[in-house]
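Summary of the model geometry
Given next are the chains, with one letter for each unit.
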Amino acid sequence: MKHRLFPRLTAAALTLSLIALPGAQALTVEQAAELLQKVYVDEVPQSVLEQSTIEDMLDALGDPYTEYFTPEEYAAFGASMSDTSLVGIGVMYRQTEEGLLLSDIIEGSPAEKGGLAPEDLIIEVDGKSVLGQDSATVTGWIQGEEGTDVTVTYLRQGERESVTLTRATVVVAATTTELIDGHIGYISCSTFGLETVGHFQEGILEYRDEADVWIVDLRSNSGGVTQAAVDAAGCFTGEGQIAYLRDGSDSYGAYYHEGDSLTLYPVIVLMDEYSASASEIFASAIRDHGAGIIVGTRSYGKGVAQTVIDREFEPEYFAQGDAIKITSHRFFSPAGNSTDQVGVIPDLLLAPEMIGAAAYLLSGPGDTSTTKGLMRIDMNWRWSIDLETAKSEEYKDAFQAILDAVPTNKNLWLGTGGPEGWEKRDMEGLCQEIGMEYHAPVFPDQEDVTYDTAVSVLKTYDMLHGREDGRFCPQETLTRAELCQLLAVALNCAVPTNESPYSDVTQDAWYAPAVIAMANMGLVKGSGDGSFSPSDPVDHQQFITIMGRLAQRLNLYLYDEVKNRPEGAVNIVGLLRYADWAKEGAWLLSYSQTGYFGNPITLLWDEAADIEPTAATTRDEAAYTLYRLLSYTDILPA
C-alpha cells in the first residue's frame, strides 16, 4: 500500500510562491553597521564595517543567514512561513535539467481538476520552454489573474500532453494531518510559521483517540519561527525545556514549554539533509525528552538562530517596510548540544528513498494483542515491526535498510505469542532466523580493534571511514591531516570555500578541505610559522587539546565547565606531565565530569594521569574518544 509519506521529493519548490520584486533600499549603511555590532553573535570585523554598501557589508561578513530584505522581499519571507493563499494552478515541483518535475498536486486545485499528477514533467508554459529558465520566471508564467487560462505542456512516461487550466486562488497549508491505516497519525510540516502550532494541535486532537503512533515529516523543512517549533514539540514532550540560546556575550536564554503533551504515544520524526534550524530544534527536543526517535539522513546542521528587525522594533530605520535578519544566537538542545555543522544524527540513518517506508514499518501493525509474527527494536520506545509486511516485495528493501541501520548496542526481540511474549536476539541470529541478510558494521581488520563497540557504532552512523583498501588500521598512528579528515567526516562538515591558511597545505591536497574546515572551526592551529605540518603524527596532548576544543563547541555544559573552571584546577598531580597549553583540555575530558558519588568520569580511553602525553595517538584511541564524547553528550542517539 502506497501512502503520501513515500515517495516525497526533497527541496520541492512551490510554483505559487511570491516573486521578490526590486525595491528601494531604506536602511542606511551606518544603520546596518550599528545593528550588526549590537546584534551579531560574534564580533564583527572592522573590514566588514568599512564597506560602502549593505550588500558589500553582508558579503564581507560571509554569513549566509544574515540578509537584508526590501519591503517586497520581507513580505515574501513572511508568506513563506505561513499557509499560502495565491493565484496559480496548485502544483509543487523540483526544477531539473529536463523540466519541472511535479512532486505534489494541491487538493481541489486547477491542476488536480485538469488531471496533472506527481511525476509529470512540465516542459512548456503557453508554448514557451521552461528549459534554462530560472524558477521566478517560470513562476511568473504560471501565475496570473484569477479566471485567466494557462496552457501547460508536460511529459507523462515519455508521452507529450497539454492541458489548459483556469487560474484560481489556492490555499496551501504548511502543515497537514491525516490518519493512515486507522492508527498512524501523519503530520507533514513544510515550515514553522505562526499558524503551525494550531495545525499541530488540531491534527493531534482530531486523531488522538485512534492514533497509537505519530509520524512528523520534516523533510525539506528548512526552519521558520523558533517559538513555533518549540510549541509544536511541546505537543509531544509536555512541560519542560525545549531549547537554549546563547548570544555573543555568553548570555543565555531559554525556551520552555508549559502545558501537558497532547498524546501519550511516541513520534517518529522524519528528516533529511534539508531539514534545518527550527526543524533541528524540534527533533532534538523530541529525542532529549524521550518522546520518540528520528529516522532519515543527518540534518543540515544550522545551529544558529536569527533575529529579524523590522519597523515594529526600529520604526525609524525601517519605515518603508524593509527589514534585516541577523544571526544573533547559537542554539542548543535540552541536553545542551549544538547542531552546528554536525546536525541532528538520526536514530536510524537511512538513504532518502527508504525513509517513508521505514517509518511505516516502524509504526507497527496496530493490533498488539499478540507478539506472534513481530520483531521489536528498543530505541527510546519499543518499536514493533510486522514481519509479513516487512518481508513483502514492497517493503523488503526498507526492512533490510532498517536492520543495517540498527547500532550494535540496541536490544532486539522476536515475538513468541501473547501480548508480552518476547525473546532476545542478537542481530546476526535474528537475521538468520527471519531469513534476512546480515551486514556486520565492521572493518576487515576489526579483530585488531580494541574498542569494538565504539568503532562499530561510529561506522553504522557513517561517522568513521577506513583507508582506501577498506581497513581501519586501528593500531596505526594518526597524522595531523588524518585527524582533520576523521573529524570532518564525523562532524559532516561542508566543503569550505575559503583558501588554505597554511603554506604547506595546498588547495589540491586530498586533506585540504578537512584541514581548512577544522581551522575555520578553531579546532586546529598551525605551527606558529604559517605552516601546519600535515604529515606529522599527533601526540596525545595535541589530540586531547583538539578534542577539548570540540567538546566545548558541541556542548554548552562542557563550554561552561571551562569558563567557570575553579582556580588551580589544572594544577593537579595527574596533569603535571602535560604542557601548560594542554592541561585545560586534559582537565575537561578527564577530571571535570563526576558521577553521582563524586567519582571522576573520563571521556578519554584512560585517565589523563595514565596517558603518556607525548606518545603518538592511535586511530583506535581517536575513534574511542570521539565515540565517548558524542555518546556522553547524547549527540549520538542513546
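Residues numbered from 1 in each chain as written. Predicted model: local features only at pLDDT ≥ 70, side-chain atom pairs only at ≥ 80, totals over all residues. Heavy atoms only, no water.

Digging into the state of the cysteines
Enumeration according to the criterion identifies zero disulfides in this entry. For the unlinked cysteine Cys 473, the closest cysteine sulfur is that of Cys 484, found at 19 Å. (Disulfide = S-S within 2.5 Å.)

Side note on the pairing of strand S14 (residues 240-246)
Burial within S14 is extensive, with six of its seven residues counted as buried. Relative to strand S15 (residues 252-257), S14 runs antiparallel, the two being bridged by six bridges. Note on S15: the bridge partner recorded for Gln 241 is Tyr 256. The antiparallel pairing of S14 with S15 creates a hairpin that spans five residues between the two strands, and Asp 250 there sits at a positive phi of about 65°. Alignment of S14 against strand S19 (residues 323-332), held across three bridges, turns out to be antiparallel. In the strand pairing of S19, Tyr 244 is matched with Phe 332. (Buried < 20%, exposed > 50% of the residue type's maximum accessible area, 1.4 Å probe, protein only. Helix = DSSP H or I, 4+ residues; strand = E, 2+ residues; numbered from the N terminus. Pairing = 2+ DSSP bridges.)

Considerations on the pairing of strand S8 (residues 149-156)
Relative to S8, strand S6 (residues 121-125) runs antiparallel, the two being bridged by four bridges. Bridged to Leu 121 within S8 is Leu 155. Taken together, the eight bridges between S8 and strand S9 (residues 159-166) define a ladder with antiparallel strand orientation. Along S9, the bridge assignment pairs Tyr 154 with Glu 161. Connecting S8 to the next strand, S9, in antiparallel fashion are two residues, including Gln 157 with a positive phi near 55°.

A closer look at the pattern of salt bridges
Here the structure, examined in full by the defined rule, presents 20 salt bridges. Linking Arg 467 and Glu 482 is a salt bridge whose minimum nitrogen-to-oxygen distance equals 3.2 Å. Taken together, the residues Arg 467 in the loop between helix H14 (452-460) and helix H15 (480-491) and Glu 482 in helix H15 connect sequence positions 15 residues apart. Bridged by salt links that share partners, the residues Arg 246, Asp 250 and Lys 563 form one connected network. (Salt bridge = Lys/Arg side-chain N within 4 Å of Asp/Glu carboxyl O.)

Looking at the sheet that holds strand S21 (residues 374-379)
In space, the four strands of this open sheet follow the order S22-S21-S23-S24, with antiparallel pairing throughout. Edge strands, defined here as strands with exactly one partner in the open sheet, are strand S22 (381-386) and strand S24 (422-425). When the angles between neighbouring strand axes are averaged without regard to direction, this sheet yields 30°. As paired elements, strand S23 (residues 411-415) and S24 share four bridges and run antiparallel to each other. (Axes fitted to C-alpha atoms, helices over the stretch in contact; angles between N-to-C directions.)

Thoughts on helix H16 (residues 512-520)
For H16, a buried count of seven out of nine residues is recorded, marking the element as mostly surrounded by other parts of the structure. Buried within H16 are the following residues: Ala 512, Ala 514, Val 515, Ile 516, Ala 517, Met 518 and Ala 519. On its buried face, H16 is in contact with H15. Following H16 by one or two positions, Gly 522 adopts a phi angle in the positive range, close to 80°. (Contact = heavy atoms within 4.5 Å.)

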